[in-house]
Amino acid sequence: MSPSSRHSAIEDAQGIAFGVCMAAVGMHILTYMGFIAGQTTGVAALISYLTGWPFSAVYFTISLPFLWFGYQRMGLAFTLKTFLCVALLSLAIAILPRWLSFSHIQPAFAAILFGILFGIAALAVVRHGGSFGGISILWLILQDRTGFQAGYAQLIFDAVLFAVSLLFLDWHILGWSFLGAAVFNIFLAINHRRDRYIAT
């Protein structure tokens, strides 16, 4: 990749800020509706619902250990940007209920909106060299070391997470949660293409 194709610091800053804002709104919808998601977000949401602990604090705490794995696989720049994304997102999630409230959201629309918003957010931060961290980094390392596809590992983990959640959450909630997760994954599958977006 030529130097001219790289993003500038200002471009990275605005891309990450945009991603954090979109993710915060998406997660605000998620927790307002009592939904869960896949991977780290889903684990954090379930723990928050069961314990009453703040979702933002649980999400931040769970995400921290995986930064070491990110450093090992992706390097220092990725790890620092990911830490920034996770920290800013956790702060935004904690503050956002004071700035934005809902009186009613139809569940199907809420699920679709969450999936789209979080998909846009993830795409934005990845395009600028960061991520929202979490367990997905571990699956990439597993793929590197064993050859087992990261996508399959993620799918298995999410299936187990949703199955466990069925013990604690209403199946209607899980159904809408699954819709949101499907929208998110389809959005990324369609849009996260290196042949179309080559800058990092």
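Residues numbered from 1 in each chain as written. Predicted model: local features only at pLDDT ≥ 70, side-chain atom pairs only at ≥ 80, totals over all residues. Heavy atoms only, no water.

Asker: Whenever I open this one, a nonpolar patch on the surface confuses me. Can you help?
Answerer: Taken together, the side chains of Leu50, Leu142, Phe148, Tyr152, Ile156, Val160, Val164, Leu167 and Phe168 make up a nonpolar region of the molecular surface, amounting to roughly 870 Å² of accessible area. Top contributing element to the nonpolar patch by residue count: helix H8 (residues 150–165), with four residues. Mapping Leu142 onto the fold places it in helix H7 (residues 136–146). The exposure class assigned to Leu142 is partly exposed, which follows from its relative accessible area of 31%. (Patch = residues over 30% accessible without salt bridge, like charges linked within 9 Å, V, L, I, M, F, W, Y side chains within 5 Å. Areas by Shrake-Rupley, 256 points an atom, 1.4 Å probe, with all protein chains shown as cover. Salt bridge = Lys/Arg side-chain N within 4 Å of Asp/Glu carboxyl O. Helix = DSSP H or I, 4+ residues; strand = E, 2+ residues; numbered from the N terminus. Buried < 20%, exposed > 50% of the residue type's maximum accessible area, 1.4 Å probe, protein only.)

Asker: Where do I start with the side chain of Asp12 in this structure?
Answerer: Tracing the backbone shows Asp12 in helix H1 (residues 9–33). The class for Asp12 is buried, based on a relative accessible area of 11%. Those residues within four positions of Asp12 in sequence are excluded, and the remaining contacts are His7, Lys81 and His128. (Contact = heavy atoms within 4.5 Å.)

Asker: What am I meant to see in helix H5 (residues 76–99) here?
Answerer: Residues lying three or four places apart along an α-helix face the same way, a consequence of the helix completing one turn every 3.6 residues. Between its first and last C-alpha, H5 extends 34 Å over 24 residues, near the 34 Å set by a 1.5 Å rise per residue. Its axis deflected by about 30° at Ile93, H5 carries its strongest bend there, up to four residues before the proline Pro97. (Expected span 1.5 Å × (residues − 1). Bend = angle between axes of the 7 residues up to and from the residue.)

Asker: Before we go on, may I ask you to explain the nonpolar core in this structure?
Answerer: Soluble globular proteins: nonpolar side chains tend toward being buried together. Residues Met27, Phe55, Tyr59, Leu89, Phe118 and Phe132 are the most contacted members of the largest nonpolar core, which totals 44 residues. When contributions to this core are tallied by element, the ones reaching two or more residues are H1, helix H2 (39–51), helix H3 (55–63), H5, helix H6 (107–127), H8 and helix H9 (171–191). Ignoring any residue separated from it by four or fewer positions in sequence, one finds Leu89 in contact with Val20, Ala23, Ala24, Met27, Tyr59 and Phe132. (Core = buried A, V, L, I, M, F, W, Y, C linked by side-chain atoms within 4.5 Å.)

Asker: Just to check I follow, could you spell out the packing of helix H4 (residues 66–74) against H5 for this structure?
Answerer: What describes two packed helices is the angle between their axes and the distance between those same axes. Two numbers describe how H4 lies on H5: the axes approach to 7 Å, and their chain directions differ by 150°. One way to sum up the angle between H4 and H5 is to call them roughly antiparallel. By crossing handedness, the relation of H4 to H5 is classed as right-handed. Residue-level inspection shows Leu67, Gly70, Tyr71 and Met74 of H4 in contact with H5, the latter providing Leu76, Phe78, Thr79, Thr82 and Phe83. Tallied by class, the residues present in the contact of H4 with H5 amount to six nonpolar, three polar and no charged. (Axes fitted to C-alpha atoms, helices over the stretch in contact; angles between N-to-C directions. Parallel < 35°, antiparallel > 145°, perpendicular 65-115°, else oblique. Left-handed = near helix turned anticlockwise from the far one by under 90°. Nonpolar A, V, L, I, M, F, W, Y, C, P; charged D, E, K, R; others polar.)

Asker: I'm lost on the packing of aromatic side chains in this one. Help?
Answerer: For any two aromatic rings, the description comes down to two numbers: the centre-to-centre distance and the angle of the planes. Across all of its chains, the model carries nine aromatic pairs by this definition. Pairing Phe162 with Phe178 gives two aromatic rings, centres 6.4 Å apart and planes at 90°, and the pair type is edge-to-face. Of this pair, Phe162 sits in helix H8 while Phe178 sits in helix H9, and the two are 16 residues apart along the sequence. Here Phe178 falls in the exposed class, since its relative accessible area comes to 57%. Site record: aromatic cluster; members linked through ring pairs are Phe114, Phe118, Phe132 and Phe184. (Phe/Tyr/Trp six-rings, centres within 6.5 Å; stacked < 30°, edge-to-face > 60°.)

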